[in-house]
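Here is what each chain is made of, one letter per residue.
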Amino acid sequence: MFDLDLWREIFQSINKNRTRAILSGFTVVFAIMLFTILFGIANGLDNNFQKRFIQRSENAITFYTGTTSKPYKGYQIGRQIFYYNDDARYIKKEFPNDIQYISGTLRRNYNISYKEKKGEYSVMGIDPDYQFLQKAKILKGRFINDRDILNRSKYIIIGRLVESDLFGKESALGKYVNLEGVAYRVVGVYSDDGGDSQERIIYAPLTTIQKLYTGDNKLGTIMVGYKPDLSVDQTIALVNRIKSKLKNKNSVAPDDQRAIRASDRILTEKKRQDNFSLSLRILIPIIGFGTLIAGILGISNIMIFIVKERTKEIGIRKALGATPRSIVSIILLETILITTITGYLGLVIGVSILKGIGPSLERYFILDPGVNISIVFTATIVLIIAGGIAGFIPAKRASKIKPIVALRND
Amino acid sequence: MLEITNLHKSYPIGDSSLHVLKGINLSVKEGEMVAIMGSSGSGKSTLLNIIGMLDEADSGSYILDGLPIKNLTEKKAALYRNKFLGFIFQSFNLINYKSALENVALPLYYQGMNRKERQEKAMFHLEKVGLADWATHLPKELSGGQNQRVAIARALAANPKLLLADEPTGAVDSKTSYEIMDFIQQLNDEGKTILMVTHEDDIAHMCKRIVNLKDGVILEDAVIEQVRAKQHV
């Protein structure tokens, strides 16, 4: 039931004791504001890691070759190692459960021209699986398929920027470009989030490039896409097992770090990031909890003080016929009202500060700091309830005070 | 109106206890104006507080207007205080952030009266104590005598059967105290039963009966010739 008179009493009490109301409200504003900001910043840090992680890892590891750094099995030091097609097939066969995609690559820069426009582009021979390793998005046409590999088709898939460089506003699909004096047909155009340089690559069937470039089955690298459900530790183990298989197959010393290499630095980094993210996730609730506790303590203190300050008033009201219930409700509702309004204010201030300073925080690795409004809402409600309890206990005690004791308290 | 028999009250002080009221017997009829006198520590304030249901007796009986006042719940005590009693305190005990009118209206608020009616009634009582023009003023903007008159108006607002005054003239100068006594006498003339604690002899003699308390017992209980406060004003 809405008791207008009771609310009138409460508003009068707040209005006439503004300092008191502002002081107690300030604690709440501050607690909720801090809660929001800290939470937002922690979320921002987490967002940053999430984004970097997504950008850089496609569940793919690249295996490179180098020269041997140790003599082994009668071979001299300094021997250049090459992968061949059968290396890729062998790896895929050895780890059928862990590897999802595999592709050999062979890359070289060629001059490419269309009509009077030309440029030098990196042309990469790849297997069909490569589409899933690089997360290239096909905009038009299609990607390389198995038939292209088999037929050594003179087909290419060009990046979005290659299309705009060479074809301007024209569509490249189905057109022929000139590569080393031979016509290659554009069968697809792709885009890639990885940045401009990623969109200036031209993909062609691996076998086509092998024939053009080396004339045999040599590969530049082998790219392995592992199952996404592998943990970082499992992935590191997988990489090491692949490495030793490749070393064994190519007669490389097991402890040779140079001849067979992999892009596994990203994995150790990812592990570090995962750890950091995990500690953030642990830290965030602790921060939140701490701020809330501070807020609750603040309100409790103020409520105890307020009730003490109003002891005499309570005594007067009781002498005039106020029931204990009416005493408790007037104090409690006042607290709840102040906490609700100021809690909301703190939320608004906190969120606007986050919005205001958010963009400028990007160089401190804080990306898009924001809060889950429902979390802050819950926090405010917790604070209101805590304030209510903090107010209720002294109010209840005050309502039990014999008016004569309260009145003696001058 | 008021019937007290063999009332005892003691306060614990550390391990021992202080026996303040040692068997009080007092009967007050409607329309009386009684002064309770005694030196400090005689138990006069304790007696008034028990009568005012601000405090509770250890033993003995207290019947107010036919109702036994014993083991009251807080809620019931609040109801009885509101219905039967009007308080006038030495230090006025007005709520400092409320205007004179709002202070007077407060007991009516606890009676559950609606706002409009409350204010009309409060205004009527303020007029009665001659402070209609000061209705919107806060206690701090009023003199001691004016504040006590506001307090009297407040005590009257709920139309109580019994008016209890604890040293009503203790905080004001003698001229003002005679003015206040004049008011109280007028109220008595209109039929209000009044019980007053005072240690001032001249104030006590403005009542119709003096009960003298000493060390927790009634030493003397005599009906006197009332001195009218009007002649001092």
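Reading the values: the criteria
- Residues numbered from 1 in each chain as written.
- Chains lettered and ligands numbered in written order.
- Predicted model: local features only at pLDDT ≥ 70, side-chain atom pairs only at ≥ 80, totals over all residues.
- Helix = DSSP H or I, 4+ residues; strand = E, 2+ residues; numbered from the N terminus.
- Buried ≥ 20, exposed ≤ 12 C-beta atoms within 10 Å, placed from the backbone.
- UniProt positions renumbered as here; feature names shortened; annotations may be inferred.
- Pairing = 2+ DSSP bridges.
- Axes fitted to C-alpha atoms, helices over the stretch in contact; angles between N-to-C directions.
- Contact = placed C-beta atoms within 7 Å.
- Parallel < 35°, antiparallel > 145°, perpendicular 65-115°, else oblique.
- Left-handed = near helix turned anticlockwise from the far one by under 90°.
- Nonpolar A, V, L, I, M, F, W, Y, C, P; charged D, E, K, R; others polar.
- pLDDT = per-residue confidence, 0-100.
- Core = buried A, V, L, I, M, F, W, Y, C linked by C-beta atoms within 7 Å.

Some thoughts on the environment of N109 of chain A
Residues and elements named next belong to chain A.
- With respect to the helices, strands and loops of the structure, N109 is situated in strand β3 (residues 99-114).
- Judged by local crowding, N109 falls into the exposed class, with 10 C-beta atoms found within 10 Å.
- Taking the C-alpha atoms as reference points, N109 and I201, 92 residues apart in sequence, are found 9.5 Å from one another.

What to know about the UniProt feature "transmembrane region" (unreviewed entry) in chain A
Residue and element names in this part refer to chain A.
- As annotated by UniProt and renumbered to match this structure, "transmembrane region" (unreviewed entry) occupies residues 21-42, 282-307, 327-353 and 373-393.
- Counting secondary structure, residues 21-42 comes out at 100% helix and 0% strand; the distance between its end C-alpha atoms is 31 Å.
- In residues 373-393, the share of helix is 100% and the share of strand is 0%. The end C-alpha atoms are 30 Å apart.

Looking at the pairing of strand β8 (residues 182-191) of chain A
All names here are of chain A.
- Bridge count for strand β5 (residues 137-141) against β8 is four bridges, and the pairing is antiparallel. From the neighbouring strand, K137 faces β8, where its bridge partner is S191.
- Sheet topology note: the strand β6 (residues 155-159)/β8 ladder contains five bridges and is parallel. Looking at the pairing, I157 lines up with G188 of β8.
- Bridging between strand β7 (residues 176-179) and β8 involves four bridges; their strand directions are antiparallel. Each residue of the ladder has a partner; that of L179, found in β8, is V182.

Some thoughts on the sheet that holds strand β6 (residues 85-88) of chain B
All names here are of chain B.
- Pairing within the open sheet is mixed, and its six strands lie in the order β6-β7-β8-β3-β9-β10. Each edge of the sheet is formed by a strand with only one pairing partner; in this case those strands are β6 and β10 (217-223). Along the sheet, successive strands turn relative to each other by an average axial angle of 15°, direction set aside.
- Pairing analysis gives four bridges linking strand β3 (residues 33-37) to strand β9 (residues 209-214), with the strands arranged parallel. In the sheet register, A35 faces β9, and the bridge partner there is I210.
- The strands touched by helix α5 (residues 144-157) are β6 and β7 (162-166); relative to β6, the strand with the most contacts, the crossing angle is about 170°.
- Along the sheet face, helix α6 (residues 174-189) touches β3, β7 and β8 (193-197) and points at about 150° away from the line of β8.

Remarks on the interface of chain B and chain A
- Tallying the contact residues gives 21 residues for chain B and 17 residues for chain A.
- Those elements that provide at least two residues to the side of chain B that touches chain A are α2 (74-84) and α3 (100-110) of chain B.
- The dominant element in the side of chain B that touches chain A, judged by the number of residues it contributes, is α2 of chain B, at six residues.

Overview of the pairing of β6 of chain A
All names here are of chain A.
- The buried fraction of β6 is high, at five of five residues.
- Going residue by residue along β6, you find Y155, I157 and G159 tucked away on one face and I156 and I158 tucked away on the opposite face as well.
- Pairing of β6 with strand β9 (residues 201-205), which is carried by two bridges, proceeds in the antiparallel orientation. What sits directly across from I158, in β9, is I202.

Overview of unusual backbone geometry
- In this structure, K115 of chain A is a non-glycine residue whose phi angle is positive, near 50°.
- Here K115 of chain A shows up in the loop between β3 and β4 (117-126).
- The exposure class assigned to K115 of chain A is exposed, which follows from the 12 C-beta atoms found within 10 Å.
- With a phi close to 55°, D65 of chain B is a non-glycine residue in the positive phi region.
- With respect to the element layout, D65 of chain B can be found in the loop between β4 (59-64) and β5 (67-68).
- Classification of D65 of chain B by C-beta neighbours within 10 Å gives partly exposed; the count is 15.

Brief notes about helix α7 (residues 206-213) of chain A
Residue and element names in this part refer to chain A.
- Across the eight residues that make up α7, a large majority, six, are buried.
- Every buried residue belonging to α7 is among L206, T207, T208, I209, Q210 and L212, and all of these are buried.
- The inward-facing, buried residues of α7 contact β3, β4, α5 (146-151), β9 and β10 (218-219).
- Phi turns positive, to about 80°, at G215, one or two residues after α7.

Quick word on the sheet that holds β4 of chain B
All names here are of chain B.
- One open sheet holds the four strands; their spatial order is β2-β1-β4-β5, and the pairing between them is antiparallel. One side of each edge strand has no neighbouring strand; the edge strands of this open sheet are β2 (16-28) and β5.
- Pairing between strand β1 (residues 2-13) and β2: 10 bridges, direction antiparallel. Looking at the pairing, I4 lines up with L26 of β2.
- Relative to β2, helix α1 (residues 44-51) is tilted by about 65°, and along the sheet it contacts β1, β2 and β4.

Structural notes on the packing of helix α4 (residues 115-128) of chain B against α5 of chain B
Residue and element names in this part refer to chain B.
- It is at 9 Å that the axes of α4 and α5 come closest, and there the two elements cross at 135°. By the angle between their directions, the pair α4 and α5 is classed as oblique. Relative to α5, the crossing made by α4 is right-handed. Here K121, A122, H125, L126 and K128 of α4 lie close against α5, whose contacting residues are A153, L156 and A157.
- Its residues placed into classes, the contact of α4 with α5 shows five nonpolar, one polar and two charged.

Side note on the confidence of the model for chain B
- Considering every residue of chain B, the mean pLDDT works out to 90; 100% of them sit at 70 or more.
- The ipTM value of the predicted complex is 0.88, and its pTM value is 0.65.

Describing the packing of helix α1 (residues 4-16) of chain A against helix α11 (residues 324-357) of chain A
All names here are of chain A.
- Two elements in contact, α1 and α11, have axes whose closest approach is 10 Å; the angle formed by their N-to-C orientations is 65°. As α1 packs across α11, the resulting crossing turns out to be right-handed. In this structure, α1 contributes L6, E9, I10, S13 and I14 to the contact, and α11 contributes S329, I330, L333, E334, L337 and I338.
- Its residues assigned to classes, the contact of α1 with α11 shows seven nonpolar, two polar and two charged.

Points about the nonpolar core
- The biggest cluster of nonpolar side chains holds 115 residues, and the ones touching the most others in it are I32 and L383 of chain A together with I36 and L195 of chain B.
- Among the elements that line this core, the one with the most residues is helix α2 (residues 18-56) of chain A, at 11 residues.
- Contacts of L195 of chain B, omitting those with residues within four sequence positions, involve V28, V34, I36, L48, I51, L162 and L164 of chain B.

With respect to the environment of I102 of chain A
Residue and element names in this part refer to chain A.
- You can see I102 is positioned in strand β3.
- Take I102: there are 22 C-beta atoms within 10 Å of it, and that puts it in the buried class.
- Remark: the alpha-carbon pair of I102 and D127, spanning 25 residues in sequence, is separated by 7.8 Å.
- Excluding residues that lie within four positions of it along the chain, I102 makes contacts with A88, I91, K92, D129, I222, M223, V224 and G225.

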